[in-house]
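Structure at a glance
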Amino acid sequence: MTAKPLLPLAAAFLVSLLPAAALAQRAAPASPGAAAPIEVSVTGEGFVPSSIHVKKGAPVRLLVTRKTDRTCATEIVIKDLGISRKLPLNQPVLVEFTPRKAGTLRYACGMDMISGVLVVE
Ligand SMILES: [Cu+2]
């Protein structure tokens, strides 16, 4: 009766853990399978584009960048989804959500003056 037979077992266990750990580390930052973000700008023209088509049940990632100070759209609000994000000048802000039903969703500035529409199909 010695502890000897346990050693190879422990070594095999550690080796089997290694590839999984390496994979998990590599996969973490990129979030594989995520759709490419749709770029939206806030310019003197308002939200550009002002109409975006997305699919029901598919995750949507909007990368919103305010590119002008001459606008009141310093935030983006999607009221129907309860989303409201500040838009610091020239700083891309990622807005993520999954539309659950077909129809249209408005995105707008905080005062609901400047807006665009998400068409969910
Ligand atoms: Cu406004």
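Procedures and definitions
Residues numbered from 1 in each chain as written. Predicted model: local features only at pLDDT ≥ 70, side-chain atom pairs only at ≥ 80, totals over all residues. Heavy atoms only, no water. Phe/Tyr/Trp six-rings, centres within 6.5 Å; stacked < 30°, edge-to-face > 60°. Helix = DSSP H or I, 4+ residues; strand = E, 2+ residues; numbered from the N terminus. Buried < 20%, exposed > 50% of the residue type's maximum accessible area, 1.4 Å probe, protein only. Salt bridge = Lys/Arg side-chain N within 4 Å of Asp/Glu carboxyl O. Donors = N, O, S within 2.8 Å, 3.2 Å for Na, K, Ca; no water. Pairing = 2+ DSSP bridges. Axes fitted to C-alpha atoms, helices over the stretch in contact; angles between N-to-C directions.

**Re the packing of aromatic side chains**
Counted by the stated rule, this structure contains 1 aromatic pair. Arranged with centres 5.3 Å apart and planes meeting at 80 degrees, the rings of F47 and Y107 form a pair that is edge-to-face. Of this pair, F47 sits in strand β2 (residues 46-48) while Y107 sits in strand β8 (residues 103-108); the two residues are 60 residues apart in sequence, bridging distant segments of the chain. Take F47 and Y107: they sit in the same class, and that class is buried.

**Focus: the pattern of salt bridges**
Here the structure, examined in full by the defined rule, presents 4 salt bridges. With its nearest N and O atoms 3.9 Å apart, the salt bridge here joins E75 to K86. A residue pair is termed long-range when its members are at least 10 positions apart, and E75 in strand β5 (residues 75-78) and K86 in strand β6 (residues 83-86) qualify at 11 residues. The partner of D112 in a salt bridge is R106, and the shortest N-O contact between them spans 2.4 Å. A relative accessible area of 46% places D112 in the partly exposed class. For R106, a relative accessible area of 40% corresponds to the partly exposed category.

**Examining the coordination of the copper ion**
Bound to the copper ion are the protein donor atoms C72 (SG) and C109 (SG), situated 2.1 to 2.2 Å from the metal. Here C109 lies in the loop between β8 and β9 (115-120) and C72 lies in the loop between β4 (60-66) and β5, a separation of 37 residues in the sequence. Given the relative accessible area of 2%, C109 is considered buried.

**Overview of the environment of V60**
Considering the arrangement of structural elements, one finds V60 in strand β4. For V60, a relative accessible area of 4% gives the class buried. Note: C-alpha distance between V60 and I38 (22 residues apart in sequence) is 7.9 Å.

**Examining the pairing of strand β1 (residues 38-43)**
Relative to β4, β1 runs parallel, the two sharing 5 bridges. For I38, the partnering residue across the bridge sits in β4 and is L62. Judged from the 3 bridges that link them, β1 and β2 form a sheet pairing that is antiparallel. Along β2, the bridge assignment pairs T43 with G46. What sits between the antiparallel neighbours β1 and β2 is a turn of 2 residues.

**Examining the sheet that holds strand β7 (residues 93-97)**
Where strands meet in a sheet, backbone hydrogen bonds hold them as pairs that are either parallel or antiparallel. Taken in spatial order, the 4 strands make up an open sheet running β2-β1-β4-β7, and their pairing is mixed. Each edge of the sheet is formed by a strand with only one pairing partner; in this case those strands are β2 and β7. Here the average twist between neighbouring strands, direction ignored, is 25 degrees.

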